[in-house]
Amino acid sequence: MRKLLFLVLGGIFMLSNPVKAEDKIETEIALPTPDYESGRPLMQTLKERQTYREFGPRIINDQNLAELLWAANGVNRPDGRRTIPTARDSRDLDVYVLKQGGAYRYNPDRHMLELVNPAALRYTAAKQDFVKQADVLLVYVSNNKNREYAAMHAGSAYQDVGLYCASVGMHNVVLGMIDKDMLHKELHLNDDDYVIIAQALGWPKKK
Ligand SMILES: Cc1cc2nc3c(=O)[nH]c(=O)nc-3n(C[C@H](O)[C@H](O)[C@H](O)COP(=O)(O)O)c2cc1C
């Protein structure tokens, strides 16, 4: 009887609050192939690389997201090796993407996003106010027993992303000041996994 009551009440709630298309949580997001011809040349990009702590409202589309994730930790050779070097080819780095619509893990082999938590974690993870303007927060995670190596791997990845941002005119800031315990819990990480660092991303404000 109680079950029936819940079902009826649930039905009434669903009818009075229809799920909008843009509210739908996607469990997997297939990412487009990166455009390997895009962006400024390397020397100009290096000249432009810098930290920005100001972001406009423009959303980062799937094409740019695909390219910056591929820059961070994508497969760039047929044998599955990555855009970043890793000690003993350990490939231990995981990149999590906290964006509108939930938190996802980037799967480099499938070049896809896999949902880990539908909650909007991107703004609660950061301890600085300006992060609330950023569209996307990347979180770098590893389970490497050698934490020095893991930090170097994350550094390679955030530098690749920083260079990608400079090459297309996107803003980014690396963030050590984050709530690692909350992220460990909400990203459903294993006991061996640990959060290393994060990076906030967004387009600049229109001038
Ligand atoms: C490992 C690391 C941690 C950082 N953590 C923060 C942070 O928590 N908050 C912040 O606003 N900037 C942070 N930054 C950005 C630095 O403050 C910034 O890189 C530095 O001021 C130099 O500026 P530039 O990147 O424009 O050359 C961090 C940078 C690195 C490399």
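Each remark here, short or long, concerns the structure printed above.
Summarised in this report is the structure supplied together with it. (Residues numbered from 1 in each chain as written. Predicted model: local features only at pLDDT ≥ 70, side-chain atom pairs only at ≥ 80, totals over all residues. Heavy atoms only, no water.)

### Some details on the pattern of salt bridges
Thinking step 1. Throughout the structure, instances matching the rule amount to ten salt bridges.
Thinking step 2. Between Glu114 and Arg110 there is a salt bridge, with its nearest N and O atoms 3.0 Å apart.
Thinking step 3. Under the relative-accessibility criterion, Glu114 is labelled buried at 19%.
Thinking step 4. Relative accessible area serves as the criterion here: at 42%, Arg110 is assigned to the partly exposed category. (Salt bridge = Lys/Arg side-chain N within 4 Å of Asp/Glu carboxyl O. Buried < 20%, exposed > 50% of the residue type's maximum accessible area, 1.4 Å probe, protein only.)

### Quick notes on the packing of aromatic side chains
Thinking step 1. Counted by the stated rule, this structure contains one aromatic pair.
Thinking step 2. Here Tyr36 and Trp70 contribute two aromatic rings whose centre-to-centre distance is 5.0 Å and whose plane-to-plane angle is 65 degrees, an arrangement assigned as edge-to-face. Residue Tyr36 is located in the loop between β1 (28-30) and α2 (42-48), and its partner Trp70 is located in helix α3 (residues 62-73); the two are separated by 34 residues in the primary sequence.
Thinking step 3. Judged by its relative accessible area of 52%, Tyr36 is exposed.
Thinking step 4. If you follow Arg58 out to its NZ or CZ, it ends over the ring of Trp203, 3.9 Å from the centre.
Thinking step 5. One residue, Arg147, lies across the ring of Tyr194, its end atom 3.7 Å from the ring centre. (Phe/Tyr/Trp six-rings, centres within 6.5 Å; stacked < 30°, edge-to-face > 60°. Helix = DSSP H or I, 4+ residues; strand = E, 2+ residues; numbered from the N terminus. Lys NZ or Arg CZ within 6 Å of the ring centre and 35° of its normal.)

### Focus on the site of the ligand
Thinking step 1. Near the ligand you find 13 residues, and of these Arg49, Thr51, Arg53, Gln128 and Val174 are the closest.
Thinking step 2. In the model, an oxygen atom of the ligand is placed 2.4 Å from a nitrogen or oxygen of the Thr51 side chain.
Thinking step 3. Here the ligand, which alone exposes 620 Å², has 57% of that area covered by the protein.
Thinking step 4. Among the elements that line the shell around the ligand, the one with the most residues is strand β6 (residues 171-175), at three residues.
Thinking step 5. Looking at side-chain class alone, the shell around the ligand contains seven nonpolar, four polar and two charged residues. (Near = heavy atom within 4 Å. Polar contact = N/O pair within 3.5 Å; in protein donor to acceptor, adjacent residues only side chain to side chain. Areas by Shrake-Rupley, 256 points an atom, 1.4 Å probe, with all protein chains shown as cover. Nonpolar A, V, L, I, M, F, W, Y, C, P; charged D, E, K, R; others polar.)

### A short note on the pairing of strand β7 (residues 194-202)
Thinking step 1. Taken across its nine residues, β7 has nine buried, putting it largely inside the fold.
Thinking step 2. Across five bridges, β6 lies against β7 in antiparallel orientation. Across the sheet, residue His171 finds its bridge partner in β7, namely Gly202. (Pairing = 2+ DSSP bridges.)

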